[in-house]
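As a plain string of letters, each chain reads:
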Amino acid sequence: MKVLVIGSGAREHALCRALSLDPHVTALHCAPGNAGIAQVAELHPVDALDGKAVAALAEELGAGLVVVGPEAPLVAGVADAVREAGIPCFGPSGQAARLEGSKAFAKDVMAAAGVPTARSYVCTTPEEAETALDAFGAPYVVKDDGLAAGKGVVVTDDIEAAKGHAAACERVVVEEFLDGPEVSLFAITDGETVLPLQPAQDFKRALNGDEGPNTGGMGAYSPLPWAEPKLVDEVLATVLQPTVDEMRRRGTPFSGLLYAGLAITSRGVRVIEFNARFGDPETQVVLARLKTPLAGVLLAAADGTLADLAPLRWSEEAAVTVVLASHNYPGAPRTGDPITGLDEVEAQDAPHAYVLHAGTRRDGDAVVSAGGRVLSVTATGEDLTQARDRAYTAVARIHLDGAHHRTDIALKAASGEQ
């Protein structure tokens, strides 16, 4: 099978790495890709938001499967264009991707499906937002209704900051704060059958101890030793399957990757948000533990045969990923700085630790930074402690001027805490 992956981040590098290890994949392509992905896939220039251009590239390459990584192309209907060209595509339609593209739409679907989530108000004026903020009280949770690359949510005790974020958005969802630890659970679905993956936890704040501004994610780990053994089955029954069933009932079946961001509250599991694609950086640790070859699973979702698939096989090992971010991230990042030490990680830490590229590009013989989150350093081990040690050993070999990373990824979990 020839596979084309669309995107250029660490999520796409993780997908390409997993696909490159699949013996059924005879040729692997990525568009537009990055400096790291170029080591495992042939890169092609393309406007990832242009469905016709993506479909034309897939036809030219003779791709038997297209995997759309990021959310923006999915919401723009790129998967629709690929399918219209007669090529199997892993990723929801533009209509179905509204589960991520609109927080208000997702809330409506959850209400119809009976999915447990936070109480909320959809607000279109500062006055409506102020009333909703007063109704819920602190901590205040304000979410941009549209796509915001993982940075559209403000959780704060500062009422002025909450009002300011609401005023900066055309439409916001103001909701009650959910207590308890957060969990990310991915599920692959063909619109009927739902196949949950292993849960992970990510770290959204920029600084240790969950301090600092919200980011797209500074690290992740899997498995969750503190989670209830029945968690995945419970979420499948109360969240994932009802949502997929409701989307099909509406005539907009959801096929692809349904990502449930969950809070394990004192009142039970509640959905924080849905995403319509693999999450970053959780994908890095989930795929590090998946033993079943990936291409066949994604193709089964694309062609509606997930029910015929054998149960997924998972490694008992733990995985940890640490994000190396550029100077000033999550503010406007500085780019163009050289990255060194990547060869040392490859020589001394592989196969237990490896580097997945996010915001990188080639500048002659050098690899330089090209975005806010630059690298995802990922490691596996017998347990979270060993995986953490391996990941941070590899991080220490890498130099990027002004870069920063958290030093507490999976630290509590490795000690048996939530």
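Definitions and cut-offs
- Residues numbered from 1 in each chain as written.
- Predicted model: local features only at pLDDT ≥ 70, side-chain atom pairs only at ≥ 80, totals over all residues.
- Heavy atoms only, no water.
- Pairing = 2+ DSSP bridges.
- Helix = DSSP H or I, 4+ residues; strand = E, 2+ residues; numbered from the N terminus.
- Contact = heavy atoms within 4.5 Å.
- Axes fitted to C-alpha atoms, helices over the stretch in contact; angles between N-to-C directions.
- 1 Å grid on protein atoms, 1.4 Å probe; cavity = no way out; pocket = protein on both sides within 12 Å on 5 of 7 lines; lining within 4 Å.
- Points joined across faces, edges and corners; volume = space filled by probe spheres on them.
- Nonpolar A, V, L, I, M, F, W, Y, C, P; charged D, E, K, R; others polar.
- Buried < 20%, exposed > 50% of the residue type's maximum accessible area, 1.4 Å probe, protein only.

Chemist: Describe the sheet that holds strand β20 (residues 353-357), with residues and values.
Modeler: With antiparallel pairing, the five strands of this open sheet are ordered in space as β12-β15-β18-β23-β20. On the outer flanks of this sheet lie β12 (201-202) and β20, each paired with one strand and no other. Relative to strand β23 (residues 373-381), strand β18 (residues 318-325) runs antiparallel, the two being bridged by eight bridges. Looking at the pairing, alanine 319 lines up with threonine 380 of β23. Seen against the sheet, helix α1 (residues 10-20) touches β20 and β23 and runs at an angle of roughly 125 degrees to β20. The strands touched by helix α13 (residues 384-396) are β15 (219-222), β18, β20 and β23; relative to β18, the strand with the most contacts, the crossing angle is about 30 degrees.

Chemist: Give a detailed account of empty space enclosed by the protein, specifying residues and quantitative values.
Modeler: Enumeration according to the criterion identifies three cavities of 30 Å³ or more in this entry. Leu99, Lys103, Ala106, Lys107, Met110, Lys143, Val173, Glu175, Ile272, Glu273 and Phe274 are the residues that line the largest cavity. Elements that contribute at least two residues to the lining of the largest cavity include exactly α6 (103-113), β9 (172-175) and β17 (268-275). Of all the elements, α6 adds the most residues to the lining of the largest cavity, at four residues. In terms of residue class, the lining of the largest cavity is made up of six nonpolar, no polar and five charged. For the second largest cavity, the calculated volume is near 50 Å³.

Chemist: Report on the pairing of β20, specifying residues and quantitative values.
Modeler: Consecutive side chains of a regular strand alternate in pointing toward one face of the sheet and then the other. Of all the five residues making up β20, five are buried; the element is thus mostly covered by neighbouring parts of the structure. Of the two faces of β20, the one lined by Ala353, Val355 and His357 and the one lined by Tyr354 and Leu356 are each fully buried. Pairing of β20 with β23 involves five bridges; the strand directions are antiparallel. Residue pairing across strands places leucine 356 opposite serine 376, the latter belonging to β23.

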